[in-house]
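# Descriptive analysis of the structure
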Amino acid sequence: MEALPSYERWGDLSGKRVLVRVDFNTPVAPVDGRLEVSDDFRIRSCVALFEELMALGATVVACTHFGRPKGTVDPRYSVEPVRRRLAELCPGVELMENLRFHPGEEANDPAFGASLVEGFDYYVNEAFSASHRAHASIMIPPTLVPSAAGPNLRREVATLGALLDAPARPFVAIVGGAKVADKLGVVRVLAEKADTVLVGGGMAYTFCVAQGRTIGASLVDGSFLDECRELLAGSKVLIPTDSRGLEVGQPFGGAGGPDPALTFGADIPDGFLGLDIGPAAIEAFVAVIASAATVLWNGPMGVFEDARFGAGTEAVARAVAASGAVSVVGGGDSVAALQAYGLDGAFSFVSTGGGASLEFVELGDLPGLAALRESPFP
Ligand code: ADP
Ligand code: MG
């Protein structure tokens, strides 16, 4: 891929105004009656860039989406809590109000995009995790002002690119999560590039059905059975041979529940459902991971928010950490699981972009990256 343009080429920025598109769509929680940022990782990760631009003389304004206000001004989605935290971490940087208060953002409206860079000399895209969306703040500025890729975005692209182009082998990919529809495209690509693809989580049950197994009331998407069957025939995709779960109607989820987890073999009877990979699957997956030289992981192996169904995800996380492999993890829930187990520091790279990293793996490019490369300015 052609290199992404960088801001170093602009040199001195005295008197210049720089618009930086960030992804400060951070979690917030009420503290003493008002919302405060509860995880400022994404804000902290941009401070060095902001400080560098200001040191070059620039006035820096950041812009972000925040939640899903759906094109209307909704005070519940104001960036105000983010503004307060940003002012503490990096005084002097202004933050525009939520881009999604305007319908033009998600509609990729050229006029809205133009209004964003009015009065600005330069644009920096530092929002890898939003660059799979062809939204106005991502797509339009590079057509209007000299534009560059921010350092975090470049690092994401370089890390994922290297892993897909020339991985140390064996290259083991681990894919999980709820919906097979979200990640089947990525499994297809990884079945080409990796040596083994371990599939767990809710999405694995569609593969189980494709194999002729019964899954009770577990998650399934009948429209992907043929494709799952084809992938299984390629022999690189490994699915769980057993499960842990519950009887239908027994509560589960973040709040937990009173019923002990049940263990099922290859088949899950009617009236029951699978919520985690089982002990034999854990053993098989861990053995594959132990010999990996490269690991790419996206999606938990079970309903890890419920401690009864976190064993698969935790065992896989520990195996990756212990393997010594180059390890890259993406996906909001996967990263949250690693943080909960205190293992995020044991991975080589934690990608901020769930959907964006999946799309980059699948298609090898993102609309926002193409917009930067195609920007006509020197
Ligand atoms: P990520 O955010 O890492 O990309 P996903 O959003 O795709 O991951 O999937 C995470 C969700 O999948 C979690 O909420 C988890 O509870 C759910 N999940 C995992 N396994 C199952 C399962 N067997 N049945 C239902 N939901 C599952
Ligand atoms: Mg998720």
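Before reading on, note that the structure itself is shown above.
Rules behind the numbers
Residues numbered from 1 in each chain as written. Chains lettered and ligands numbered in written order. Predicted model: local features only at pLDDT ≥ 70, side-chain atom pairs only at ≥ 80, totals over all residues. Heavy atoms only, no water. Helix = DSSP H or I, 4+ residues; strand = E, 2+ residues; numbered from the N terminus. Areas by Shrake-Rupley, 256 points an atom, 1.4 Å probe, with all protein chains shown as cover. Lys, Arg positive; Asp, Glu negative; His and termini not counted. Charge placed at Lys NZ, Arg CZ, Asp CG, Glu CD. Near = heavy atom within 4 Å. Polar contact = N/O pair within 3.5 Å; in protein donor to acceptor, adjacent residues only side chain to side chain. Nonpolar A, V, L, I, M, F, W, Y, C, P; charged D, E, K, R; others polar. Pairing = 2+ DSSP bridges. Axes fitted to C-alpha atoms, helices over the stretch in contact; angles between N-to-C directions. Contact = heavy atoms within 4.5 Å. Left-handed = near helix turned anticlockwise from the far one by under 90°. Buried < 20%, exposed > 50% of the residue type's maximum accessible area, 1.4 Å probe, protein only.

## Considerations on the overall build of the chain
The helix and strand tally for the chain stands at 15 helices and 16 strands. Reported as C-alpha extents along the three principal axes, the dimensions of the chain are approximately 70 × 50 × 35 Å. Total accessible area on the chain stands at roughly 15,500 Å², and carbon and sulfur atoms take up 54% of it. In the chain, the 29 positive side-chain charges and the 46 negative ones have mean positions that sit 2 Å from each other.

## Overview of the site of ligand 1
In the vicinity of ligand 1 there are 19 residues, among which Lys183, Gly202, Glu305, Asp333 and Ser334 approach most closely. Between ligand 1 and glycine 202, the relevant distance is 3.1 Å, taken from a nitrogen atom to a main-chain nitrogen or oxygen of the residue. Measuring from an oxygen atom of ligand 1, one finds a side-chain N or O atom of glutamate 305 at 2.5 Å. Considered on its own, ligand 1 offers 580 Å² of accessible surface; in the complex 82% of this is hidden by protein. Of all the elements in the fold, those that place two or more residues in the shell around ligand 1 are β13 (272-277) and α13 (332-340). Looking at which element gives the most residues to the shell around ligand 1, the answer is α13, with 3 residues. Here the shell around ligand 1 is built from residues that sort into 6 nonpolar, 10 polar and 3 charged.

## Re the sheet that holds strand β12 (residues 262-264)
One open sheet holds the 3 strands; their spatial order is β12-β11-β13, and the pairing between them is antiparallel. Of all the strands in the sheet, the pair left with one neighbour each is β12 and β13. Across this sheet, the average inter-strand angle for adjacent strands is 45 degrees, counted without regard to direction. In this structure, strand β11 (residues 243-247) lies alongside β12, joined through 3 bridges in antiparallel fashion. Bridging across to β12, arginine 244 finds its partner in threonine 263.

## Brief notes about the side chain of histidine 65
In this structure, histidine 65 sits in the loop between β4 (59-63) and α2 (80-89). Of the polar contacts made by the side chain of histidine 65, one reaches the side chain of arginine 21; its length is 3.2 Å. The contacts of histidine 65, once residues within four sequence positions are left out, are Arg21, Asp23, Phe24, Asn25, Asn98, Leu99, Arg100 and Ala130.

## Some words on the packing of helix α7 (residues 151-165) against helix α14 (residues 354-363)
At their nearest, the axes of α7 and α14 sit 10 Å apart, and the two run at 40 degrees to each other. Classified by chirality, the crossing of α14 by α7 is right-handed. For the pair α7 and α14, contact is made by Val157, Leu160, Gly161 and Leu164 and by Ser357, Phe360 and Val361, respectively.

## Here we look at the environment of glutamine 250
Examined against the element boundaries, glutamine 250 turns out to sit in the loop between β11 and β12. Residue classification places glutamine 250 among the partly exposed positions, given a relative accessible area of 22%. Glutamine 250 sits 108 residues away from proline 142 along the chain, and the two C-alpha atoms are 52 Å apart. For glutamine 250, the side chain forms a polar contact with the main-chain nitrogen of glutamate 247, separated by 3.0 Å.

## Concerning the side chain of aspartate 74
Here aspartate 74 shows up in the loop between β4 and α2. The class of aspartate 74 is buried, set by a relative accessible area of 13%. In this structure the side chain of aspartate 74 is engaged in a polar contact, spanning 2.8 Å, whose partner is the side chain of arginine 76. Leaving out residues up to four positions away in the same chain, aspartate 74 has contacts with Pro69 and Phe101.

Honestly, that's just the spatial picture; any functional story needs more than this.
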